[in-house]
Amino acid sequence: AIGLGGAIALSGGLVSIACIIFFGIMTKLSLDMLIELTVKTDGANNSYEDLGLVAYGAVGRLAVLISKTLYSFGCLVAYMIVVKDNFGPGLRNLIYRDDGD
């Protein structure tokens, strides 16, 4: 089950709520750090890679590039799963529609 509803159903309500709160706090902290670094470095040429370079050197730049690549790949995989799960049955319903007559 992909999605928040499926995750809550499988893991239980209390664990899910705790995870949502934890990751919400971590997201806020990381965005605050990102904004602070952007302000201190005058935007670092408006790219995440440059912010990683300013903050951690070449390793930071590489870490940002790898993170962006893995995120994009993950989005691609999720999109393909959604299309696979929905396109086939939808097309089958359009072609072999049973009007109930």
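Since the structure is predicted, the reported quantities are computational estimates derived from the model, not experimental observations. Residue numbering note: each chain is counted from 1, following its sequence as written. pLDDT decides what is reported in this predicted model: residues at 70 or higher carry local features, side-chain atom pairs at 80 or more are listed and counted, and totals for whole chains, interfaces and linings draw on all residues regardless. As a rule here, side-chain values cover all heavy atoms of the structure and leave hydrogens and water aside.

> Any chance you could explain the overall build of the protein chain here in plain terms?
Across its full length, the protein chain holds four helices and zero strands. Helix and strand assignments follow DSSP, with helices taken as H or I runs no shorter than four residues and strands as E runs no shorter than two, numbered in order from the N terminus. Ordered by position from the N terminus, the helices and strands of the protein chain form the series α-α-α-α. Residues counted as buried form 11% of the 101 residues belonging to the protein chain. Roughly 8300 Å² of accessible area belongs to the protein chain as shown, and the carbon and sulfur atoms make up 70% of that amount. Each residue's exposure class comes from its accessible area (1.4 Å probe, protein chains only) as a fraction of the maximum for that residue type: buried when under 20%, exposed when over 50%, partly exposed otherwise. Using a 1.4 Å probe, the Shrake-Rupley method yields the accessible areas, and only the shown protein chains count as cover for residues.

> What is the right way to look at the pattern of salt bridges in this model?
Pairing is possible between side chains that carry opposite charge, provided their charged atoms lie close to one another. The salt bridge criterion pairs a side-chain nitrogen of Lys or Arg with a carboxyl oxygen of Asp or Glu, the two atoms within 4 Å. According to the stated counting rule, one finds four salt bridges in the structure shown. Linking Asp-32 and Lys-28 is a salt bridge whose minimum nitrogen-to-oxygen distance equals 2.7 Å. One end of the pair is Asp-32 and the other is Lys-28, both in helix α2 (residues 13-40) and four residues apart, which spans about a single turn. Given the relative accessible area of 35%, Asp-32 is considered partly exposed.

> Please explain a nonpolar patch on the surface as it appears in this structure.
Together, Phe-73, Leu-76, Val-77, Tyr-79, Met-80, Val-83, Phe-87, Leu-91, Leu-94, Ile-95 and Tyr-96 make up a nonpolar patch on the protein surface, roughly 1200 Å² of accessible area in all. Secondary-structure assignment places Phe-87 in helix α4 (residues 58-95). Using a relative accessible area of 55% as the deciding quantity, one classes Phe-87 as exposed. Like charges are joined within 9 Å and nonpolar side chains (Val, Leu, Ile, Met, Phe, Trp, Tyr) within 5 Å, but only among residues with over 30% relative accessible area and no salt bridge; these make up the patches.

> What am I meant to see in the packing of aromatic side chains here?
Classification of ring pairs rests on two measures: the distance between centres of Phe, Tyr or Trp rings, Trp counted by its six-membered ring, which must be within 6.5 Å, and the angle between planes, read as stacked under 30 degrees, edge-to-face over 60 and tilted in between. One pass over the structure, following the stated rule, counts one aromatic pair. A ring pair is formed by Phe-22 and Phe-23, whose centres lie 5.1 Å apart and whose planes are at 75°; its orientation type is edge-to-face. Exposure remark for Phe-23: the relative accessible area of 51% places this residue in the exposed category.

> When you look at the packing of helix α3 (residues 48-56) against α4 in this model, what are you seeing that I'm missing?
The description of two helices packed together rests on the angle between their axes and the distance between the axes. Convention adopted: a line fitted to C-alpha atoms gives each axis, helices being fitted over their contacting stretch, and angles between N-to-C directions are expressed from 0 to 180 degrees. Axis separation between α3 and α4 bottoms out at 6 Å; the angle between their running directions is 145°. Classified by chirality, the crossing of α4 by α3 is right-handed. Here α3 contributes Tyr-48, Glu-49, Gly-52, Leu-53 and Tyr-56 to the contact with α4, which in turn contributes Ala-58, Val-59, Gly-60, Arg-61, Val-64, Leu-65 and Lys-68. Along the lines of polarity and charge, the residues of the contact of α3 with α4 split into seven nonpolar, two polar and three charged. Left-handed describes a crossing whose near helix is turned anticlockwise from the far helix by less than a right angle; the clockwise case is right-handed. Note on definitions: a residue-residue contact is assigned when non-hydrogen atoms from the two residues lie within 4.5 Å. Lys, Arg, Asp and Glu make up the charged group, whereas Ala, Val, Leu, Ile, Met, Phe, Trp, Tyr, Cys and Pro make up the nonpolar group; the residues left over, Gly among them, are polar.

> How should I be thinking about the packing of α2 against α3 in this particular structure?
It is at 11 Å that the axes of α2 and α3 come closest, and there the two elements cross at 80°. Here α2 is positioned roughly perpendicular relative to α3, judged by the angle of their axes. Taking contact as the criterion, the partners of Leu-34, Leu-37 and Thr-38 in α2 are, on α3, Tyr-48, Leu-51, Val-54 and Ala-55. Small angles under 35 degrees read as roughly parallel and large ones over 145 as roughly antiparallel, with 65 to 115 read as roughly perpendicular and the rest as oblique.

All we've got here are geometric facts, nothing functional implied.
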